[in-house]
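# Survey of secondary and tertiary structure
Next come the chains, spelled out residue by residue.
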Amino acid sequence: MLVLALRSVRQRPGRFLATLLSAFLGAAIVMAFHSMHDTAGAPGVDPVSSETLRTAAGVVGGYGTLLVFFAVASALTVNVRQRAAELELLRCSGATPGQIRRLVVGEAVAVALVGTAAAVLPAVLGGRLLVELFQDTGQVAGSVDHSFGAVALSSGVGVTLVASAGAALLAVRRVTRGRRRTVRRRPWLAWAALAAGAVAASSTFAFSATDEMLMAFPAQGAILLSVGFALMAPRLLTGVLGRLSPGGASGWLAVRNLRRRAGELSGILMALILFTAVSTATLTMQAVESDAVAASGLVKSVDAKNLETLNYTVVGIVVVFVCVMLVNSLYAATTYRGREFGQQRLAGATPGQVLGVVGVEGLVLTVVGLLFGTLAALAGVVPFTVVRGDAVLPGQLAGVWAAVAVVGAAATVGTSLFTARRVLRTPAVRAVGATA
């Protein structure tokens, strides 16, 4: 099966492009930040610089590991779903479920190895830029030189391979074993994440306004709540769609398509919820904290500068990964609908009407993702603001939320419409005949 997996990757590399890009970006980010461990452990590094570097590696490296898994899982899920007929043919030809799993995992591991190898040089350059950033803000001594060693390399290879193999196993489970077991477990995981998030967010009230750990618990609460909502994405989307009564042919058809494809679109909705919650909560709380420190006339400590740098870095990583996940998933999912679009055009729909349906679908997904992501973010922002500034909703929230909404809508609706336009260039008869 390993030989067959390598042959599959060589023969049709285009189908693995999204997975390769996700693995490349993930490995680059993980190795860049874990190289801070190598740098901190180098001879002559002072304790303050070492603590700053290790904190950055631990916090952002952990986020990077989680995002690598989500990004690779999203790409592989779309890949496996589109190959369901091919994998079913292998089963009918005598292949066992175990052989099919080994095939898909072998493909994922091979692609991950290529992506990791290509990410080494960008990771080295990124690590150097990070050290220079810490030095410019006075958090790391100017005499510290960047080091890229065994910790960075082993973590990049290990995290990317484990994430790719695990994501491949989860993606192929639906084809080889069905959905029953997954559906049974997901609600329990979702409710556990929601409960843990609520506890973490409410723990904020146990701290004082000047406590250094004040931001940690509401941030964790928002993240856990967003994970819980993300795990419930198919149910949330189905519930919202069940209450919609759209007007016009485009709106009716868009809602019908979304109801039929709710399971397939769950990965996109998961990315939107996580992006909205993490970005809104982190940026809003950091803005509140910075304004409070400025109003008091105090100078930020080294720990405060470290936290601010890490917050902005985490949000930057989340934005990059979510955009990659959305673009990859939407591009693959929309490209796969060539036959559907061709049938609609043969039935009398114009290209403009087809684009209208796709646009409404993207808008509905964006609104649902923003809704539940905002709820998760507010669960962290409100307790933090009450304790830190004696207010319920901070004034900084509106601007941050608007920026997050614009980015999310541009990535979702923009990618859907752009890809649909490319698909519609193929004549309707050819599109239907090529995929029939």
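- As annotated in an unreviewed UniProt entry, the protein carries the name ABC transporter permease and comes from Streptomyces prasinosporus.
- In UniProt, the protein has this text filed under Sequence similarities (unreviewed entry): "Belongs to the ABC-4 integral membrane protein family."
- Heading Subcellular location (unreviewed entry) of the UniProt record for the protein holds this comment: "Cell membrane".

## Observations regarding a negative patch on the surface
- Residues E51, D211, E212 and D303 make up a contiguous surface patch of negative charge.
- Assignment of secondary structure puts D211 in the loop between α7 (180-202) and α8 (216-231).

## Quick look at the nonpolar core
- Formed by 82 residues in total, the largest nonpolar core has its most connected members in L237 and L326.
- Broken down by element, the residue count for this core peaks at 11 residues, all from helix α3 (residues 47-82).
- Non-local contacts of L237, meaning those with residues more than four positions away in its chain, are made with A262, L265, L269, L365 and V368.
- Listed in part, the 11 residues of the second largest apolar core include M215, M285, V288 and V381.

## Digging into the side chain of T284
- Examined against the element boundaries, T284 turns out to sit in helix α11 (residues 266-296).
- At a separation of 2.7 Å, a polar atom in the side chain of T284 contacts the main-chain carbonyl oxygen of T280.
- Ignoring anything within four residues of it in the chain, the contact list for T284 reads V381, P394, L397 and V400.

## Remarks on the side chain of T412
- With respect to the element layout, T412 can be found in helix α15 (residues 397-424).
- Among the polar contacts made by the side chain of T412, one reaches the main-chain carbonyl oxygen of G408 at a distance of 2.9 Å.
- In this structure T412 touches L272, L326, L330, G362, L365 and T366, once residues within four positions along its chain are discounted.

## Some thoughts on the packing of α11 against helix α12 (residues 302-335)
- In the contact formed by α11 and α12, the axes pass within 9 Å of each other and the chain directions differ by 160°. Put simply, α11 runs roughly antiparallel to α12. Pair α11 / α12 crosses with left-handed handedness. Across from I268, A271, L272, F275, V278, S279, T282, L283, Q286 and S290 in α11, the residues of α12 making contact are L307, E308, N311, Y312, V315, V318, V319, V322, M325, L326, S329 and L330.
- Split into classes, the residues belonging to the contact of α11 with α12 amount to 15 nonpolar, six polar and one charged.

## Re the pattern of salt bridges
- Applying the stated criterion to the full structure yields three salt bridges.
- Ionic pairing is found between E289 and R388, a salt bridge with its closest N-O pair at 2.8 Å. Within this pair, whereas E289 is found in helix α11, its partner R388 is found in helix α14 (residues 351-389), the two being separated by 99 residues in sequence.
- For E289, a relative accessible area of 22% gives the class partly exposed.

## Here's the deal with helix α5 (residues 97-136)
- In this model, α5 (40 residues) spans 54 Å end to end at C-alpha, consistent with the 58 Å of a helix rising 1.5 Å per residue.
- Its axis deflected by about 40° at V120, α5 carries its strongest bend there, up to four residues before the proline P122.
- After α5 finishes, the residue G138 shows a positive phi value of roughly 80°.

## Observations regarding the environment of G142
- Tracing the backbone through its elements, the reader meets G142 in the loop between α5 and α6 (150-176).
- The class for G142 is exposed, based on a relative accessible area of 66%.

## Considerations on the environment of R128
- Considering the arrangement of structural elements, one finds R128 in helix α5.
- Taking the C-alpha atoms as reference points, R128 and F148, 20 residues apart in sequence, are found 9.1 Å from one another.

## A short note on the packing of α12 against α15
- For the pair α12 and α15, interaxial distance at closest approach is 9 Å and the crossing angle is 30°. Overall, the two elements α12 and α15 adopt an arrangement that is roughly parallel. Crossing of α12 over α15 shows right-handed handedness. Together, C323, L326, V327, L330, Y331, T334 and T335 of α12 and V407, A411, T412, T415, S416, T419, A420, R422 and V423 of α15 make up the contact between the two elements.

## Quick look at the environment of P47
- With respect to the secondary-structure elements, P47 resides in helix α3.
- Looking at P47, the relative accessible area reads 68%, which means it is exposed.
- Taking the C-alpha atoms as reference points, P47 and V140, 93 residues apart in sequence, are found 9.8 Å from one another.

The rules we used
Residues numbered from 1 in each chain as written. Predicted model: local features only at pLDDT ≥ 70, side-chain atom pairs only at ≥ 80, totals over all residues. Heavy atoms only, no water. UniProt positions renumbered as here; feature names shortened; annotations may be inferred. Patch = residues over 30% accessible without salt bridge, like charges linked within 9 Å, V, L, I, M, F, W, Y side chains within 5 Å. Areas by Shrake-Rupley, 256 points an atom, 1.4 Å probe, with all protein chains shown as cover. Salt bridge = Lys/Arg side-chain N within 4 Å of Asp/Glu carboxyl O. Lys, Arg positive; Asp, Glu negative; His and termini not counted. Charge placed at Lys NZ, Arg CZ, Asp CG, Glu CD. Helix = DSSP H or I, 4+ residues; strand = E, 2+ residues; numbered from the N terminus. Core = buried A, V, L, I, M, F, W, Y, C linked by side-chain atoms within 4.5 Å. Buried < 20%, exposed > 50% of the residue type's maximum accessible area, 1.4 Å probe, protein only. Contact = heavy atoms within 4.5 Å. Polar contact = N/O pair within 3.5 Å; in protein donor to acceptor, adjacent residues only side chain to side chain. Axes fitted to C-alpha atoms, helices over the stretch in contact; angles between N-to-C directions. Parallel < 35°, antiparallel > 145°, perpendicular 65-115°, else oblique. Left-handed = near helix turned anticlockwise from the far one by under 90°. Nonpolar A, V, L, I, M, F, W, Y, C, P; charged D, E, K, R; others polar. Expected span 1.5 Å × (residues − 1). Bend = angle between axes of the 7 residues up to and from the residue.

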